[in-house]
Amino acid sequence: MSLTRKEVEHIADLARLDLSETEKQKYQEQLSAILDYAASLQKLDTSGIPPTSSVLPPHSTLREDVAGVSLPVAETLKNAKSKKDDQFQVPPVLE
Amino acid sequence: MTNDLISLSIPNMLAGMRSGQFSSRELTEAFLKRLDAVEPKVHAFLSLTPESALAQADVADKLYKTGDPASLPPLLGLPIAVKDLLTVKGMPCTCGSKILEGFMPPFTATSIQRLLDAGVVIVGKTNMDEFAMGSSTENSAYGPTSNPWDLTRVPGGSSGGSAAAVADWSVPAAIGSDTGGSVRQPASFCGLTGIKPTYGRVSRYGLVAYGSSLDTVGVLAHSAEDAALVFRPMAGLDPMDATSMDVPVPTYKLENKTDLHGLRVGVPKEYFIEGMQTEVESAVRAAIQTLKEMGAQIIEISLPHTEFALPVYYLIAPAEASANLARYDSIRFGPREAGSTMWEMFRKSRGSLFGSEVKRRIMLGTYALSAGYYDAYYGQAQKVRTLIKRDFDEAYQSVDVIACPVAPTTAFKQGQHTDDPLAMYLEDVFTLPINLAGVPGLAFPVGFDQNNLPIGMQLLGPHFKEEILFQTAHAYQQGTDWHKRVPVL
């Protein structure tokens, strides 16, 4: 399994990561090697085997629908790099 | 006198404070003094809070004087350290990453809050592989931690700072997290006892998420007895974590018995592989022989899907990580790179502020989850995970615990695996299956190699049976002194 440069760029775009040319080269090689290794899973017959998404027995954690205490706005905004009028501020969304 | 305080067992520290032999301030100052002396060599910590620690110690001392002796908090005045992956209000939380530089969490993790309620004194936050991704603590954006047994070697990871801080006697116990071996492998590399509990035993609220179906919070200490005492308050249901389980928590009060008659110990043949360090194999086999001499019945077992655990883990964990780490958008917290649009800002910030292993795993996980590849990679991995879990379910039909090595080698040299991610991943080959099955594991020292580096063994148990692991290791530690050795620094 060998990834193309174009696939690496596509994944980086999906993951919102700017990569340098050196990084693209490195990840292309390393991810290909790791995926080669992971290909060993294909040899197992898993027909009829259910997937495990949680190791715990199914259990319900519902609670009464009552409002609880949440973080104050000032606390929530405290770590933001940029804020305005009690809101997070971001660069323009539309290009 | 004060210098001897740090070498006491945790029960003796607590008894000494309770009886007024010494105060929490004296104990905390003794550890801080040791920390000052060794920290420049080891770099176990990312942030230190000696002033608030001493203030907490004074509060503890006041309570010892005025409180009702029958209802004092169980760990009152005990200094500990916390991995920088768990939030503590008022202390920074970087997760070893530049993308959280300067972040001050607005709330405290449930596990840590319960320890604070139990009376602990927090002296600082410990170094780690960025977002817990790594096996050597070399992936920290703030520089690596050294192994106190040999400063040119890694302490293991990702909880390497927590392990080193206990191994160099800066604190008597430290909290870590274990997603694929991150408590047990550093415990093994540093000669410590480390508990990775059952998934769902300890709340994950306030534990910064890496692989949500695998993440657990654990303890590193010098002995099973010390680890059990610190572990006890953290365990139990938490309404803030829907995956925490309402299973009764025992007292973990360990009996001082060394008779193991009636205990069935399984030894899985798949955990003794070609290429592993021979001294590791012989030390682990000798420890199993010791358990036998103490009365345990040794049964050879098979966990036939073990070889698939590594590829399964390195698809599932990165897939979950790629989703979890999408939250680092430089909007709500963390530094930000300039961009003319929000999308450009995302790409630039994440591209420059995440380290190379984190980006590698995000890429891998994104690929495994992407259209066209989901069934072949993530879907297939989840099915094989079922087979791995069934191996354990079947084994526990005929044995009470499983004994096996923690890692194929002792601590390796810094820089040895940094250019070869696959070689680094192979260090986790014996620890990953446990997280995939969600069962508990306890690592503890069973010998040293010719370079005087600790060798660890792990005991694995059925879901929610941590108690039997603590009890068995405690029995072993009463007859051996590997856990009492001290590195020369």
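Placed above this text is the structure.
Below or above, wherever it landed, is the structure these notes cover.

Moving on: the overall build of chain A. On a plain count of helices and strands, chain A comes out with three helices and two strands. Reading the secondary structure of chain A in the N-to-C direction produces α-α-α-β-β. Scaling as 2.2 N^0.38, a compact globule of 95 residues should have a C-alpha radius of gyration of about 12 Å, whereas chain A reaches 23 Å, well beyond that. Out of the 95 residues belonging to chain A, those deemed buried represent 31%. Split by element, the accessible area of chain A, about 6600 Å² in all, is 54% carbon and sulfur. Put simply, chain A has 11 plus and 15 minus side-chain charges, and the middle of one group is 5 Å from the middle of the other.

So, about the overall build of chain B. Each helix and strand counted, chain B has 16 helices and 11 strands in total. Here the C-alpha radius of gyration of chain B, 21 Å, is about what a compact globule of 489 residues would show, namely 23 Å. Overall, chain B is about 65 × 55 × 45 Å in size when its C-alpha atoms are taken along their principal axes. Here chain B holds 489 residues, and 66% of them are scored as buried. The contacts of chain B with a sequence gap of at least 6 include a subset with a gap of at least 24, amounting to 76%. Working note: accessible area of chain B is about 15800 Å², and carbon and sulfur atoms make up 52% of it. Computing the positive centroid from 41 side-chain charges and the negative centroid from 51, chain B places the two 4 Å apart.

Next up on the list: the sheet that holds strand 10 (residues 441-448) of chain B. All names here are of chain B. On the basis of which strands lie adjacent, the open sheet formed by 11 strands has the order 1-3-2-4-6-5-10-11-9-7-8 and mixed pairing. Every interior strand has two partners, whereas the edge strands, strand 1 (45-48) and strand 8 (297-301), have only one. For this sheet, the mean inter-axis angle between neighbouring strands, taken without regard to orientation, is 30°. As paired strands, strand 5 (residues 193-196) and strand 10 are joined by three bridges and run antiparallel to one another. Each bridged residue has a counterpart across the sheet, and for Gly-194 the counterpart in strand 10 is Ala-443. Taken strand by strand, helix 9 (residues 278-293) contacts strand 7 (264-268), strand 8, strand 9 (401-405), strand 10 and strand 11 (454-460), and its axis lies near 50° from that of strand 11.

This next bit is on the interface of chain B and chain A. Taken together, the contact between chain B and chain A spans 69 residues of the former and 54 residues of the latter. Between chain B and chain A the total buried area reaches about 5500 Å² when both faces are included, carbon and sulfur atoms providing 67% of it. When residues of chain B are sorted by the area they lose upon contact with chain A, B:Arg347, B:Met363 and B:Tyr367 head the list and together hold 13% of the total. For the pair chain B and chain A, the number of links is two salt bridges. The partner of A:Glu23 in a salt bridge is B:Lys359, with the nearest N and O atoms 2.5 Å apart. At the boundary of chain B with chain A, the tally comes to 19 residue pairs in polar contact (both at pLDDT 80 or more). Elements with a contribution of two residues or more to the side of chain B that touches chain A: helix 10 (309-324), helix 11 (342-353), helix 12 (356-369), helix 13 (375-395), helix 14 (421-426) and helix 15 (432-437) of chain B. In terms of residues, the side of chain B that touches chain A owes the most to one element, helix 13 of chain B, which gives 12 residues. Here the residues of the side of chain B that touches chain A are counted per class, giving 37 nonpolar, 18 polar and 14 charged.

Before going further, it helps to examine the side chain of B:Ser97. Among the secondary structure elements, B:Ser97 is positioned in the loop between strand 2 (79-83) and helix 5 (110-117). Apart from the residues lying within four places of it in its own chain, the contact partners of B:Ser97 are B:Glu130, B:Phe131, B:Ala141, B:Tyr142, B:Leu353 and B:Phe354.

Turning our attention to the packing of aromatic side chains. Residue and element names in this part refer to chain B. Evaluated as defined, the whole model comprises 22 aromatic pairs over all chains. An aromatic cluster is defined as three or more aromatic residues linked by ring pairs; in this entry it consists of Phe-103, Phe-131, Tyr-328, Phe-333 and Phe-354. Above the plane of the ring of Phe-272 lies Arg-285, whose end atom (NZ or CZ) is 3.9 Å from the centre.

Before going further, it helps to spend a moment on the side chain of A:Lys24. Residues and elements named next belong to chain A. Tracing the sequence through the fold places Lys-24 in helix 2 (residues 21-38). In this structure Lys-24 comes out as buried when scored by relative accessible area, which is 14%. Sequence-distant contacts of Lys-24, defined by excluding residues within four places in its chain, comprise Arg-5, Val-8, Glu-9 and Leu-19.

Attention shifts here to helix 4 (residues 50-66) of chain B. All names here are of chain B. Taking 1.5 Å per residue, 17 residues should reach 24 Å; helix 4 reaches 24 Å between its end C-alpha atoms and fits that length. Turning to helix 4, its buried residues are Ala-53, Leu-54, Ala-57, Ala-60, Asp-61 and Tyr-64. Projected down its long axis, helix 4 shows its buried positions confined to an angular sector of 115°, all on one face. For helix 4, the exposed residues set more than 90 degrees away from the buried face come down to Glu-51, Val-59, Lys-62 and Thr-66.

On to the nonpolar core, then. For soluble globular proteins, nonpolar side chains are generally found buried alongside one another. Of all hydrophobic cores here, the largest spans 146 residues; its most connected members are B:Phe131, B:Ile175, B:Phe392 and B:Met457. Residue contributions to this core peak at 10 residues, all from helix 10 of chain B.

The rules behind each value
- Residues numbered from 1 in each chain as written.
- Chains lettered and ligands numbered in written order.
- Predicted model: local features only at pLDDT ≥ 70, side-chain atom pairs only at ≥ 80, totals over all residues.
- Heavy atoms only, no water.
- Helix = DSSP H or I, 4+ residues; strand = E, 2+ residues; numbered from the N terminus.
- Rg over C-alpha atoms; globule rule 2.2 N^0.38 Å.
- Buried < 20%, exposed > 50% of the residue type's maximum accessible area, 1.4 Å probe, protein only.
- Areas by Shrake-Rupley, 256 points an atom, 1.4 Å probe, with all protein chains shown as cover.
- Lys, Arg positive; Asp, Glu negative; His and termini not counted.
- Charge placed at Lys NZ, Arg CZ, Asp CG, Glu CD.
- Contact = heavy atoms within 4.5 Å.
- Pairing = 2+ DSSP bridges.
- Axes fitted to C-alpha atoms, helices over the stretch in contact; angles between N-to-C directions.
- Buried area = accessible area lost by both parts, 1.4 Å probe.
- Salt bridge = Lys/Arg side-chain N within 4 Å of Asp/Glu carboxyl O.
- Polar contact = N/O pair within 3.5 Å; in protein donor to acceptor, adjacent residues only side chain to side chain.
- Nonpolar A, V, L, I, M, F, W, Y, C, P; charged D, E, K, R; others polar.
- Phe/Tyr/Trp six-rings, centres within 6.5 Å; stacked < 30°, edge-to-face > 60°.
- Lys NZ or Arg CZ within 6 Å of the ring centre and 35° of its normal.
- Expected span 1.5 Å × (residues − 1).
- Arc of directions from axis to C-beta.
- Core = buried A, V, L, I, M, F, W, Y, C linked by side-chain atoms within 4.5 Å.

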